[in-house]
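# Structural features, examined
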Amino acid sequence: MPPLMVGFDLDMTLVDSRPGIAAAFRALTARTGVYVDVDAVVARLGPPLRTEIANWFPPEEVDQAVTLYRELYPAYAITPTVPLPGALATLDAIRAHGGRVMVVTSKHGRLARLHLDHLGLSVDELAGDLFAEEKATALVAHGATHYVGDHVADMVAARTARIPGIGVTTGPCTAEELRAAGADTVLDDLTGFPAAMGRWIRLA
């Protein structure tokens, strides 16, 4: 069996970033005058920022809006974000089994690092700006043995990397959707992760 290296998505898998992201988008609206339905945004977290921005800004303004949002993000989004239930205990359980942890997220890596540092979530590797199949590159490069996520695209990432995908229903996708996308295991949230470790470690 290869050394245990568990990859995690960030938003709505390890952390509840909805209040912070909503605040950052409200700040973006205040700066640009472009309306963004923040309730709709936070209900479908997962895809890259550029994809969401394109729902509200004309194509020629998307790049500028992405840059401005990322400039505003540290001031508005970091403090309101909290760990999801079981996140800290899950990382501790992996380390107790001699494992390592990585985060692979569609969020910009610098912003993801701010969240991790602020919340004291210690990880061994971090890869940002990756979505769906793109995440598999980082998972394979760092020897991930499992990938945990809340979105069907995360299960696509695990399948592409040929490792077990573990779904959590703390994000926008249902258990049925996660299983249909290839999840080997689906949990309500990370509180069930430590107890289930023995079962899914065998999946590798």
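Our structure is the block above this text.
Residues numbered from 1 in each chain as written. Predicted model: local features only at pLDDT ≥ 70, side-chain atom pairs only at ≥ 80, totals over all residues. Heavy atoms only, no water.

## Focus on the nonpolar core
Phe-8, Leu-14, Phe-193 and Trp-200 are the most contacted members of the largest nonpolar core, which totals 27 residues. Breaking this core down by element, the ones donating at least two residues are strand 1 (5–8), helix 5 (87–96), strand 4 (100–104), helix 6 (109–119), strand 7 (165–168) and helix 10 (193–201). It is helix 10 that contributes the most residues to this core, 5 residues altogether. Counting residues in each nonpolar core, the second largest holds 26 residues, with Val-42, Ile-53, Leu-72 and Leu-111 among its members. (Core = buried A, V, L, I, M, F, W, Y, C linked by side-chain atoms within 4.5 Å. Buried < 20%, exposed > 50% of the residue type's maximum accessible area, 1.4 Å probe, protein only. Helix = DSSP H or I, 4+ residues; strand = E, 2+ residues; numbered from the N terminus.)

## Side note on the packing of helix 7 (residues 133–141) against helix 8 (residues 152–161)
It is at 7 Å that the axes of helix 7 and helix 8 come closest, and there the two elements cross at 50 degrees. Compared by their axis directions, helix 7 and helix 8 come out oblique. Relative to helix 8, helix 7 is oriented so that their crossing is right-handed. Two secondary-structure elements touch here, helix 7 through Glu-133, Lys-135, Ala-136, Leu-139 and Val-140 and helix 8 through Asp-154, Val-156, Ala-157, Thr-160 and Ala-161. Considering only residue class, the contact of helix 7 with helix 8 consists of 6 nonpolar, 1 polar and 3 charged. (Axes fitted to C-alpha atoms, helices over the stretch in contact; angles between N-to-C directions. Parallel < 35°, antiparallel > 145°, perpendicular 65-115°, else oblique. Left-handed = near helix turned anticlockwise from the far one by under 90°. Contact = heavy atoms within 4.5 Å. Nonpolar A, V, L, I, M, F, W, Y, C, P; charged D, E, K, R; others polar.)

## Focus: the pattern of salt bridges
Counted according to the given criterion, the structure contains 10 salt bridges. A salt bridge links Asp-16 to Arg-18, with the nearest nitrogen and oxygen atoms 2.8 Å apart. By relative accessible area, which is 35% here, Arg-18 ends up partly exposed. A salt bridge links Arg-50 to Asp-63, with the nearest nitrogen and oxygen atoms 2.2 Å apart. (Salt bridge = Lys/Arg side-chain N within 4 Å of Asp/Glu carboxyl O.)

## Examining unusual backbone geometry
The phi angle at Asp-129 is positive, at roughly 60 degrees, despite the residue not being glycine. Classification of Asp-129 as partly exposed rests on a relative accessible area of 40%. In this model, Arg-162 sits at a positive phi of 60 degrees, which is unusual for a non-glycine residue. With respect to the helices and strands, Arg-162 occurs in the loop between helix 8 and strand 7.

## Things to note about the side chain of Asp-16
By the secondary structure assignment, Asp-16 is in strand 2 (residues 15–16). For Asp-16, a relative accessible area of 14% corresponds to the buried category. Within the structure, the side chain of Asp-16 is placed 2.8 Å from the side chain of Arg-18, a separation counted as a polar contact. Residues contacting Asp-16, with those up to four places away along its chain left out, are Thr-81, Val-82 and Leu-84. (Polar contact = N/O pair within 3.5 Å; in protein donor to acceptor, adjacent residues only side chain to side chain.)

## Quick word on the packing of aromatic side chains
All chains considered together, the criterion is met by 4 aromatic pairs. With centroids separated by 4.6 Å and ring planes inclined at 45 degrees, the aromatic side chains of Phe-25 and Tyr-69 adopt a geometry described as tilted. Here Phe-25, found in helix 1 (residues 18–32), pairs with Tyr-69, found in helix 4 (residues 62–77); they are 44 residues apart in sequence, far enough to count as distant. Residues Phe-25 and Tyr-69 agree in their burial class; the two are buried. Geometrically, the ring pair formed by Tyr-35 and Trp-56 is edge-to-face, given 6.2 Å between the ring centres and 90 degrees between the ring planes. Remark: Trp-56 occurs in the loop between helix 3 (49–53) and helix 4 and Tyr-35 occurs in the loop between helix 1 and helix 2 (38–42); sequence separation between them is 21 residues. Look at Tyr-35 and you get exposed, because its relative accessible area is 56%. (Phe/Tyr/Trp six-rings, centres within 6.5 Å; stacked < 30°, edge-to-face > 60°.)

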